[in-house]
Amino acid sequence: MSRKKKKKSTPLKIARARTGSGNLLLFPLLFILTVVPLIVYLKVIPVEGAALEIWLSEFNWDFFSYYKAVFLLIATAAATVIFFLHRRQLAIKKSAIYYPMAVYALLILLASVFSEYKGTAFYGFPDRYEGALVLLAYLMICFLALNFVQNEKHIRLILGSLFVSAGLIGVLGIFQFFGLDLLRSEAGKILILPVGFRHLAEELSFTFEKHTIYATLYNPNYVGSYMAMLLPLAVAVFYYARPRKQIYASFAFSCLMFAALIGCNSRAGIVGACMAFLFLLFFQHRIIITNWKRSISLVLGFVLIILVLNAVSGGRTLRTLASIVPAASGVEPVEGLELRDIVPG
């Protein structure tokens, strides 16, 4: 009797299996990058426990945080399920980054379990539902992305999704700076209000200052931190772009991210972006110098943006920039930001 030889999996087949699984896993990750930052929808939440002692009312009218946290957790759970379904086909990459991640996760759990206020520890505080569950989801997303982003196509999908979301946030923010806020419009209020609360559309008031960008992230400082991460990435893509269309598109995107960064008036975000640019300059100084025409175009574009935003805001932009250095030497009160920036009328 002849024995049938078992077919061995070739490296090519294994690579294809891994790539296919990676593509499947990318769907929830792409959803997290593209959709979650854009979610703005009302959720009325009773304030209980320790939060009730310092909150302004018995209910939190949350537009920006609760549903972001919910959909982040759902998408992370879906990605985790996909990971376990394909665990036999995919090998976990070896990385030293797992050790600090594990330590951080352990500290999160210990701090939450032994906290006197477990509800706040696990679920977060009103207007910022970013408790232990969300923090652990961040770590899981990091682990999943590390193991399933395997090739250049995956990187392009990740960056493309991130840039789409950031572009929409930037455009919305610029419109807000110029007083054309979609969320303040009648159509915008209908989009962010559940059916049972749409009778409050006319009474809903927004108390953000003029010429301030909060986009879909609620706090201008959150916008600043977001743009401080996106701007250096956009600039790096601009320097490495080759076809003319990519060069023009990455230049326009870099300018949009810069305008949103400056327009949100977040000094912390601006300082963070400056630090990121120092690292970019240190590691990429050769390509920056070699592509001096692109460097000059960026500088001129950024200067023009500052001048335009400053003129529109009546000098506020330059005052904010000028206050960065003095603010670093002491603690100053945050101007124009109340504990609750969206309230029913």
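See the structure shown above.
Report follows, based on the coordinates. (Residues numbered from 1 in each chain as written. Predicted model: local features only at pLDDT ≥ 70, side-chain atom pairs only at ≥ 80, totals over all residues. Heavy atoms only, no water.)

## A closer look at the overall build of the chain
Looking only at helices and strands, one finds 14 helices and four strands in the chain. Counting the 345 residues in the chain, one finds 43% classified as buried. When the accessible surface of the chain is summed, it comes to about 20,200 Å², and 69% of that surface belongs to carbon and sulfur atoms. (Helix = DSSP H or I, 4+ residues; strand = E, 2+ residues; numbered from the N terminus. Buried < 20%, exposed > 50% of the residue type's maximum accessible area, 1.4 Å probe, protein only. Areas by Shrake-Rupley, 256 points an atom, 1.4 Å probe, with all protein chains shown as cover.)

## Points about the packing of aromatic side chains
Evaluated as defined, the whole model comprises 21 aromatic pairs. Seen in terms of ring centroids, tryptophan 61 and phenylalanine 197 are 5.8 Å apart; in terms of plane orientation they differ by 80°. Their pairing is edge-to-face. In this pair, tryptophan 61 is assigned in strand S2 (residues 59-62) and phenylalanine 197 in the loop between helix H8 (186-192) and strand S3 (205-206), connecting sequence segments 136 residues apart. Note on phenylalanine 197: relative accessible area 28%, which makes it partly exposed. Relative to tyrosine 129, the ring of tyrosine 66 lies with its centre 5.8 Å away and its plane at 90°, an arrangement referred to as edge-to-face. (Phe/Tyr/Trp six-rings, centres within 6.5 Å; stacked < 30°, edge-to-face > 60°.)

## Concerning the pattern of salt bridges
Across all of its chains, the model carries four salt bridges by this definition. Ionic pairing is found between glutamate 152 and arginine 156, a salt bridge with its closest N-O pair at 2.8 Å. One end of the pair is glutamate 152 and the other is arginine 156, both in helix H7 (residues 152-177) and four residues apart, which spans about a single turn. Overall, the relative accessible area of 51% leaves glutamate 152 in the exposed class. Relative accessible area serves as the criterion here: at 56%, arginine 156 is assigned to the exposed category. The salt bridge partner of glutamate 209 is arginine 316, with a shortest N-O separation of 3.2 Å. With a gap of 107 residues between them, glutamate 209 in the loop between S3 and helix H9 (220-240) and arginine 316 in helix H13 (residues 316-322) connect regions that are remote in the sequence. Judged by relative accessible area, which is 18%, arginine 316 ranks as buried. (Salt bridge = Lys/Arg side-chain N within 4 Å of Asp/Glu carboxyl O.)

## Side note on the environment of leucine 168
In this fold, leucine 168 is placed in helix H7. We classify leucine 168 as partly exposed; its relative accessible area is 46%. Each C-alpha atom, one on leucine 168 and one on proline 37, is 9.9 Å from the other, the two residues being 131 residues apart in sequence.

## Observations regarding a nonpolar patch on the surface
On the surface, a nonpolar cluster with roughly 600 Å² of combined accessible area is contributed by Val171, Phe175, Phe178, Leu180, Leu304, Val308 and Val312. Secondary structure elements with two or more residues in the nonpolar patch: H7 and helix H12 (292-312). Here the element with the most residues in the nonpolar patch is H12; it accounts for three residues. (Patch = residues over 30% accessible without salt bridge, like charges linked within 9 Å, V, L, I, M, F, W, Y side chains within 5 Å.)

Coordinates in, geometry out; function isn't part of it.
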